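Survey of secondary and tertiary structure
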Amino acid sequence: VAVGICKMGHTAGWITRLGEDEMGAYVLNATRGEGVDCQNVTIDEEHRTGLMLKEMGNGETKVYYYRSDGSWHEI
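Let me begin by describing the structure that accompanies this report.

Criteria and cut-off values
- Residues numbered from 1 in each chain as written.
- Predicted model: local features only at pLDDT ≥ 70, side-chain atom pairs only at ≥ 80, totals over all residues.
- Heavy atoms only, no water.
- Patch = residues over 30% accessible without salt bridge, like charges linked within 9 Å, V, L, I, M, F, W, Y side chains within 5 Å.
- Areas by Shrake-Rupley, 256 points an atom, 1.4 Å probe, with all protein chains shown as cover.
- Salt bridge = Lys/Arg side-chain N within 4 Å of Asp/Glu carboxyl O.
- Helix = DSSP H or I, 4+ residues; strand = E, 2+ residues; numbered from the N terminus.
- Buried < 20%, exposed > 50% of the residue type's maximum accessible area, 1.4 Å probe, protein only.
- Lys, Arg positive; Asp, Glu negative; His and termini not counted.
- Contact = heavy atoms within 4.5 Å.
- Pairing = 2+ DSSP bridges.

Some remarks on a nonpolar patch on the surface
Side chains of M23, Y26, L51, L53, Y64 and Y66 sit close together on the surface and give an oily, nonpolar patch of about 580 Å² of accessible area. Looking at the nonpolar patch, the elements with two or more residues in it are helix 2 (22-33), strand 3 (51-57) and strand 4 (60-66). Looking at the element boundaries, M23 is found in helix 2.

Here it is in structure tokens:
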């Protein structure tokens, strides 16, 4: 949503917590690169960035969560 708002010429900020890991760095850099204000993103040195994958096919949807000990758990 924040990226879409920025693409329409408006400003948007994001408040979240990401792990200090490769996935967190990727998400932060990609979001910042789209013009979203990320000054309120907290980097958590003790927990990993969570991830959800969604697989769709053959009329069936599967969702996989990788969030054990994720940075979101104390928000």
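Okay, back to it.
Describing the side chain of D21
Looking at the element boundaries, D21 is found in the loop between strand 1 (13-19) and helix 2. Here D21 occupies a buried position and makes no salt bridge, while the nearest side chain of opposite charge, R48, is found at 5.8 Å. Dropping the residues within four chain positions of it, D21 is found in contact with R48 and T49.

With respect to the environment of V63
When you line up the elements, V63 lands in strand 4. Taking relative accessible area as the criterion, V63 reaches 38% and is therefore assigned partly exposed. C-alpha separation for the pair V63 and M52, spaced eleven residues apart in sequence, amounts to 7.0 Å. Setting aside residues no more than four positions away along its own chain, V63 makes contact with M52, L53 and K54.

Some thoughts on the pattern of salt bridges
This model, assessed by the stated rule, comprises one salt bridge. Note that K7 and E34 form a salt bridge whose closest N and O atoms lie 3.8 Å from each other. Here E34 lies in the loop between helix 2 and strand 2 (37-44) and K7 lies in helix 1 (residues 2-7), a separation of 27 residues in the sequence. According to the relative accessible area criterion, K7 is exposed, its value standing at 61%.

Thoughts on unusual backbone geometry
For N58, which is not a glycine, the phi torsion comes out positive at approximately 55 degrees. Relative to the helices and strands, N58 resides in the loop between strand 3 and strand 4. Take N58: its relative accessible area is 84%, and that puts it in the exposed class.

Remarks on the pairing of strand 3
By the bridge criterion, seven bridges tie strand 3 to strand 4 in an arrangement that is antiparallel. Each residue of the ladder has a partner; that of M56, found in strand 4, is T61. Joining the antiparallel neighbours strand 3 and strand 4 is a turn of two residues, in which N58 adopts a positive phi near 55 degrees.

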